[in-house]
Amino acid sequence: MAIIFNIGESLKQSAFNILQEPIKMLMENEKEAFEKESFLSKVFVMKTTDKYQEEYRSSTAMDGFKPTEDLERPGLSDFQEGYGKIFRTQIWTNSFVVSKQTIEDNQMMSINAQAMGFIKSYGRTRERYGAAMLSGALAGEVTFEGKKFDCRGGDTTDGDVDGATKQIYFHNAHKSCVDPSKTQSNKYCVSTALDLTKSKAEEFILDIIGQVQTAMINYQDDKGNILCVNPDTLVIPNYYGFKNALLTALKSQYTSAMGDNGVNLQYGNWNVVVSPYLNGLTGFTEADKAFIMLDSKYNKEALGAVWFDRVPLTVKSYIDEPTEANVWAGRARFGAGFNNFRAMAYVSLKTGVANATALTPGVTQA
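Structural notes, computed from the coordinates. Keep in mind that what you see is a predicted model, and the values were worked out from it rather than measured.

1. Quick notes on the overall build of the chain
- Per the secondary structure count, the chain includes seven helices and 21 strands.
- By principal-axis analysis of the C-alpha atoms, the chain measures approximately 80 × 60 × 40 Å.
- Every one of the 366 residues in the chain was classed for burial, and the buried ones make up 47%.
- Intrachain contacts of the chain at a sequence separation of at least 6 include 74% that bridge at least 24 residues.
- Counting only carbon and sulfur atoms, one obtains 50% of the accessible surface of the chain, whose full area is about 18400 Å².
- Counting 38 positive and 43 negative side-chain charges, the chain places the averaged centre of each group 2 Å from the other.

2. Concerning the state of the cysteines
- Evaluated as defined, the whole model comprises zero disulfides.
- The thiol of Cys 228 is not disulfide-bonded; the next cysteine sulfur, from Cys 177, is found 20 Å away.

3. Some details on the sheet that holds strand β17 (residues 290-294)
- Strand order in this open sheet of six strands is β16-β13-β17-β20-β12-β21, and the pairing throughout is mixed. Two strands close off the open sheet at either side, each with one partner strand: β16 (271-275) and β21 (357-359). Taken over all neighbouring pairs, the strand axes of this sheet differ in orientation by 25 degrees on average, direction set aside.
- In the sheet, strand β13 (residues 233-237) pairs with β16 via five bridges, with the strands oriented parallel. Looking at the pairing, Pro 237 lines up with Ser 275 of β16.

4. Some remarks on the pairing of β13
- For β13, the tally of buried residues reaches five of five residues, placing the bulk of the element in the interior.
- Going residue by residue along β13, you find Thr 233, Val 235 and Pro 237 tucked away on one face and Leu 234 and Ile 236 tucked away on the opposite face as well.
- Pairing analysis gives three bridges linking β13 to β17, with the strands arranged antiparallel. The residue of β17 that forms the bridge with Val 235 is Ile 292.

5. Regarding the nonpolar core
- If you look at the biggest cluster of nonpolar residues, it comprises 83 residues, and the most contacted ones within it are Met 27, Phe 44, Tyr 129, Val 212, Phe 291, Phe 338 and Leu 349.
- For this core, the leading source of residues is helix α4 (residues 108-136), giving 10 residues.
- Ranked by size, the runner-up nonpolar core spans five residues in total, among them Phe 87, Leu 303, Val 306 and Phe 308.

6. Focus on the pairing of strand β18 (residues 305-320)
- With 12 of 16 residues buried, β18 lies mostly within the body of the structure.
- Pairing geometry for strand β1 (residues 4-7) and β18, over four bridges, is parallel. By the bridge assignment for β18, Asn 6 is matched with Lys 316.
- Bridge count for strand β2 (residues 45-48) against β18 is four bridges, and the pairing is parallel. Across the sheet, the residue bridging to Val 45 is Val 306, located in β18.
- Relative to strand β19 (residues 325-338), β18 is paired through 13 bridges, and the arrangement is antiparallel. For Val 311, the partnering residue across the bridge sits in β19 and is Arg 333.
- The hairpin turn running from β18 into β19, its antiparallel successor, is four residues long, and Glu 324 in that turn takes a positive phi close to 60 degrees.

7. Things to note about the packing of helix α1 (residues 17-37) against α4
- Between α1 and α4, the shortest axis-to-axis distance is 9 Å and the interhelical angle comes to 35 degrees. Handedness of the crossing formed by α1 with α4: right-handed. Between α1 and α4, the contacting residues are Leu 19, Ile 23, Leu 26, Met 27, Glu 30, Lys 31 and Phe 34 on the first element and Met 108, Ile 111, Asn 112, Ala 115, Met 116, Phe 118, Ile 119, Lys 120, Tyr 122, Gly 123, Arg 124 and Glu 127 on the second.
- Considered class by class, the residues forming the contact of α1 with α4 number 12 nonpolar, two polar and five charged.

Calculation criteria
- Residues numbered from 1 in each chain as written.
- Predicted model: local features only at pLDDT ≥ 70, side-chain atom pairs only at ≥ 80, totals over all residues.
- Heavy atoms only, no water.
- Helix = DSSP H or I, 4+ residues; strand = E, 2+ residues; numbered from the N terminus.
- Buried < 20%, exposed > 50% of the residue type's maximum accessible area, 1.4 Å probe, protein only.
- Contact = heavy atoms within 4.5 Å.
- Areas by Shrake-Rupley, 256 points an atom, 1.4 Å probe, with all protein chains shown as cover.
- Lys, Arg positive; Asp, Glu negative; His and termini not counted.
- Charge placed at Lys NZ, Arg CZ, Asp CG, Glu CD.
- Disulfide = S-S within 2.5 Å.
- Pairing = 2+ DSSP bridges.
- Axes fitted to C-alpha atoms, helices over the stretch in contact; angles between N-to-C directions.
- Core = buried A, V, L, I, M, F, W, Y, C linked by side-chain atoms within 4.5 Å.
- Left-handed = near helix turned anticlockwise from the far one by under 90°.
- Nonpolar A, V, L, I, M, F, W, Y, C, P; charged D, E, K, R; others polar.

Structure follows, in structure tokens:
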């Protein structure tokens, strides 16, 4: 979304007038460059809204076709109301000031640095917020810049579509609203931890990726129908050891399964998104050796992780009369949240992760 600029009329007759167009151009170019490197659109479904809040209500799947005889009336598919989720956005603001002395002394480098830093701080806030929400999805909530945000999904802890308590988004006990006794997991750990210093680390990673991929392909809707989820993206923090092992594993055509001639079934199957903004967050420390696996297509269809832009970045430039300074104030409204758990899964290659399904690696490290 483009930046909206509101330039005060008094600026046109002031010494600050010469700054308006150059600063606007700097900001627009810097925002565009930041967006090209952003990981947000690769993880969240990016949407716009013109409302205070957006509410989504799912319905159970259509019944299948039934064998019928000639001239027999077709059966009528039965739907029932599924889980719902409300998404809200948050106001975000920041500003900087160009003093009259700065313009008098022609300190353009300083002014340019302020303008670029202002837009970088906006882009960085969005990246940090998105990463924090992914981390918060492991606990149900996260505190970011002093405010608490809801990171739960659309389903409930008791399987009641109108239940009071929403389930944590990454969890091993997501209940069907049709039959709450049936549960599914989108949070995994391992029974034996990955050791990057030992041999076969890459094949260990491939084995777990294959197991989680298989589990996601087998995801069912609330009526028990196979959804054919097809995960295609892995999201990881930026730690050299784990990143190197994972990328090496995915880019190697062969494994040692048949004397170094075994075919790597995962070769060429994955888009890997690396974000340093995940580094150090709960669930994404270097010791966690964690990644998120997602189906980018199903994420859009089912609204797994969703980002709403309500008001684009709007920058107001005006003169503060008491100080005779040029104030640049920015305001935007956006927010992120989670709905359908089947769109993605969290995986940690360490043991003992709470509320996670433990996988037994089929590869023994030595």
